[in-house]
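A structural walkthrough
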Amino acid sequence: MITRFAPSPTGPLHLGHACSAILAHDMARAAGGRFLLRFEDIDRQRCRPEWETAALDDLAWLGLRWDAPPLRQSSRLPAHRAALARLWDEGLLYPCTCTRRDIAEALAAPQETRPPRVPSGSPAPRPEAVQAAATGPDGPVYPGTCRTRPRPAHMPDDAHLRLDMGAALERIAGRPLSFTETGPGHAGTVTTTPAQYRRDIGDIVLARRDFGTSYHLAVTIDDAAQGITHVVRGEDLFTSTRVHVLLQVILGLPVPDYHHHRLIRDEQGRRLAKRDDARALSRYRDDGATPEDIRRMAGLDLG
Ligand code: GLU
Ligand code: ZN
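Residues numbered from 1 in each chain as written. Chains lettered and ligands numbered in written order. Predicted model: local features only at pLDDT ≥ 70, side-chain atom pairs only at ≥ 80, totals over all residues. Heavy atoms only, no water.

For the rest of this paragraph, the subject is the sheet that holds strand E2 (residues 34-39). Taken in spatial order, the three strands line up as E1-E2-E3 in an open sheet, and their pairing is parallel. Only two strands of the sheet have a single neighbouring strand rather than two, namely strand E1 (2-5) and strand E3 (71-72). In this structure, E2 lies alongside E3, joined through two bridges in parallel fashion. Within E3, the residue paired with Arg38 across the bridge is Leu71. Against the sheet, helix H2 (residues 49-61) touches E1, E2 and E3, its axis set at about 155° to E2. (Pairing = 2+ DSSP bridges. Helix = DSSP H or I, 4+ residues; strand = E, 2+ residues; numbered from the N terminus. Contact = heavy atoms within 4.5 Å. Axes fitted to C-alpha atoms, helices over the stretch in contact; angles between N-to-C directions.)

Structure, rendered in structure tokens:
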């Protein structure tokens, strides 16, 4: 078994991070496997080396040991671009120049939200037939505006690149899109149907113009490169996992097992905000908490 903890060094580690890291570490140790680290630093604007140092310090304080030097995701850009080039050559990507606002406007435009015109004389469509746009892992499902535009001969590096979901599903038709879940919420085999991919995920961005890659592509390729056999992450990434499984099948990568853990909630049952600095591990440390206290607060004291 090889597990990993893959924080983005954009701020301090919180209780939720501690939960992912400790679970992944303990699972690897219990199985006699390996526990690896990866810094997901593709967002060069928001990532800082001092947050990497602080994370290593927190993890060591928690008593975790990792079995190789941490991998920096930014060093993996050539591998990400090579995968994109492959997808481009197979006709599975297209450039998108839409802004968030363009997308919002397209989704609000009558021709996008109304069902097909009904012949005159038939009753008007009932209001509930007018569908609202589904929300995917990265926001509203893309309405497909740029999909039908003529595609340039070469993969551009000055536009977002989106996955043509319909074409991708056609290419892997008949292949199971499933993974094994070991977490508490959905334990068993989780399958996503082509209809769910079309409706709930759609043409996601695989390369952002400003990064040259994306979270979904980078995490998929780098988990495979690090030989990860069991991914441990928060339940908030469950829909993203469906995207990663699709990419694994398209790119011919192994599908690891997944363990989505519950999110840590405050006393009122609200989800802890990722950037709520009051919940930083370093604050608990400064207040005299022990690593055992953190395990208890992260809900991991029951063994
Ligand atoms: N880097 C992501 C984060 O810190 C999560 C890593 C993962 O995909 O599990 O939220
Ligand atoms: Zn577009």
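Next up on the list: the coordination of the zinc ion (ligand 2). The coordination sphere of the zinc ion (ligand 2), as far as protein atoms go, consists of Cys96 (SG), Cys98 (SG), Tyr142 (OH) and Cys146 (SG), spread over 2.2 to 2.3 Å. One way to put it: the four donor atoms around the zinc ion (ligand 2) meet at angles of 95 to 126°, and that makes the site tetrahedral. (Donors = N, O, S within 2.8 Å, 3.2 Å for Na, K, Ca; no water. Tetrahedral: all angles 85-135°; square planar, octahedral: opposite > 155°, others 65-115°.)

Attention now moves to the site of ligand 1. Taken together, ten residues sit near ligand 1, with Arg4, Ala6, Glu40, Tyr215 and Arg233 positioned nearest. The contact in question runs from an oxygen atom of ligand 1 to an N or O atom on the side chain of Arg4, over 2.9 Å. Contact between ligand 1 and Tyr215: an oxygen atom at 2.6 Å from a side-chain N or O atom of the residue. Taken together, the residues of the shell around ligand 1 sort by class into five nonpolar, one polar and four charged. (Near = heavy atom within 4 Å. Polar contact = N/O pair within 3.5 Å; in protein donor to acceptor, adjacent residues only side chain to side chain. Nonpolar A, V, L, I, M, F, W, Y, C, P; charged D, E, K, R; others polar.)

Our focus in this paragraph is the nonpolar core. Counting 35 residues, the largest nonpolar core has Leu93, Leu163, Tyr197, Leu206, Leu246 and Ile250 as the members making the most contacts within it. Broken down by secondary-structure element, the contributors of at least two residues to this core are helix H3 (77-89), strand E7 (160-163), helix H6 (165-171), helix H7 (194-201), strand E10 (205-207), helix H8 (215-225) and helix H9 (238-251). In this structure, Leu163 is in contact with Leu92, Leu93, Tyr94, Ala168, Asp203, Ile204, Leu206, Leu246 and Ile250, ignoring residues within four places of it in sequence. Ranked by size, the runner-up nonpolar core spans 26 residues in total, among them Phe5, Ala18, Val232 and Ile294. (Core = buried A, V, L, I, M, F, W, Y, C linked by side-chain atoms within 4.5 Å. Buried < 20%, exposed > 50% of the residue type's maximum accessible area, 1.4 Å probe, protein only.)

Before going further, it helps to examine empty space enclosed by the protein. Summed over the entire model, instances satisfying the criterion amount to one cavity of 30 Å³ or more. Counted as a void, the largest cavity has a volume near 40 Å³. Forming the boundary of the largest cavity are Thr220, Asp223, Ala224, Ile228, Gln248, Pro254 and Pro256. Residue classes in the lining of the largest cavity are distributed as four nonpolar, two polar and one charged. (1 Å grid on protein atoms, 1.4 Å probe; cavity = no way out; pocket = protein on both sides within 12 Å on 5 of 7 lines; lining within 4 Å. Points joined across faces, edges and corners; volume = space filled by probe spheres on them.)

Moving on, we come to the pattern of salt bridges. Enumeration over the complete set of coordinates arrives at 19 salt bridges. Between Arg72 and Glu52 there is a salt bridge; the shortest N-O distance is 2.8 Å. With a gap of 20 residues between them, Arg72 in strand E3 and Glu52 in helix H2 connect regions that are remote in the sequence. Across the salt bridge formed by Asp200 and Arg199, the nearest N and O atoms sit 2.8 Å from each other. The partly exposed category is assigned to Asp200, whose relative accessible area is 24%. Taking the relative accessible area as the measure of exposure, Arg199 reaches 51% and is therefore exposed. Here the residues in one salt-bridge network are Arg4, Arg38, Glu40 and Asp223, joined through shared partners. (Salt bridge = Lys/Arg side-chain N within 4 Å of Asp/Glu carboxyl O.)

Two quantities define a packed helix pair, namely the angle between the helix axes and the distance between the axes. One way to put it is that H8 packs onto H9 with a least axis distance of 9 Å and a crossing angle of 60°. Taken together, H8 and H9 sit at an angle that is classed as oblique. Crossing geometry of H8 relative to H9 is assigned as right-handed. Together, Tyr215, His216, Leu217, Val219, Thr220 and Ile221 of H8 and Ser240, Val243, His244, Leu247, Gln248 and Leu251 of H9 make up the contact between the two elements. Of the residues assigned to the contact of H8 with H9, the class counts are seven nonpolar, five polar and no charged. (Parallel < 35°, antiparallel > 145°, perpendicular 65-115°, else oblique. Left-handed = near helix turned anticlockwise from the far one by under 90°.)

Honestly, that's just the spatial picture; any functional story needs more than this.
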